[in-house]
Amino acid sequence: MAEGLTLSNKQKQHLKSLAHSLKPVVLLGANGLTEGVMAEIELALNHHELIKVKVPEEDRELREQIYATILAHTQAYRVQVVGKILTVYKPSPEGKIQLPRR
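Quick notes on the rules
Along each chain, the written sequence defines residue order, and numbers are assigned to residues from 1. Only residues with pLDDT of at least 70 are given local features in this predicted model, and only at 80 or more are side-chain atom pairs given and counted; all residues enter the totals for whole chains, interfaces and linings. To get the side-chain values, all heavy atoms of the structure are used, and hydrogens and water are removed first. Convention adopted: a line fitted to C-alpha atoms gives each axis, helices being fitted over their contacting stretch, and angles between N-to-C directions are expressed from 0 to 180 degrees. Every helix listed is a DSSP run of H or I at least four residues long, and every strand listed is a run of E at least two residues long, numbered separately from the N terminus. An angle below 35 degrees is read as roughly parallel, one above 145 as roughly antiparallel, one from 65 to 115 as roughly perpendicular, and any other as oblique. Should the near helix be turned anticlockwise from the far one by less than a right angle, the crossing is left-handed, and should it be turned clockwise, the crossing is right-handed. Contact definition: two residues touch when any of their heavy atoms are within 4.5 Å. For this classification, Asp, Glu, Lys and Arg are treated as charged, while Ala, Val, Leu, Ile, Met, Phe, Trp, Tyr, Cys and Pro are nonpolar and the rest, including Gly, are polar. DSSP calls a pair of strands paired once it identifies at least 2 bridges connecting them.

- As annotated in an unreviewed UniProt entry, the protein chain carries the name Ribosome assembly RNA-binding protein YhbY and is attributed to Pseudidiomarina insulisalsae.

1. A closer look at the packing of helix H2 (residues 35–48) against helix H3 (residues 60–74)
Think of two packed helices as two axes; the pair is described by the angle between the axes and how far apart they sit.
Next up, step 1: One way to put it is that H2 packs onto H3 with a least axis distance of 11 Å and a crossing angle of 60 degrees. In this view, H2 runs oblique relative to H3, as classed from their interaxial angle. With respect to the hand of their crossing, H2 and H3 are arranged in right-handed fashion. Here Met-38, Ile-41, Glu-42 and Leu-45 of H2 lie close against H3, whose contacting residues are Thr-69, Ile-70, His-73 and Thr-74.
Next up, step 2: When the residues that make up the contact of H2 with H3 are grouped by side-chain class, the tally is four nonpolar, three polar and one charged.

2. Description of the pairing of strand S3 (residues 77–82)
Next up, step 1: Sheet topology note: the S3/strand S4 (residues 85–89) ladder contains five bridges and is antiparallel. Bridge pairing links Arg-78 to Val-88 in S4.
Next up, step 2: Hairpin geometry of S3 and S4 is characterised by an intervening segment of two residues between the two adjacent antiparallel strands and by a positive phi of about 60 degrees at Gly-83.

Take a look at the structure:
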């Protein structure tokens, strides 16, 4: 995500409503954020555009670092975090999800 590119509140609300019924597609295991997990996140984002990632890490600061790493690596937008579940959005070339105008 290029700095300065953000989602408006209206767009975030739209994505949150779409994400509401989604189940986490990627769950971090005991090994944490591995290359395999990152590849899985990339694949899921390319396919779905909007995904949830469950990070069962107890330490809040470490969890935030994991979220930041995922976002930096995937160039995706952080939509929201609820508990230990991060919702991310990355538009694909096909543009499956139509965002409302700002």
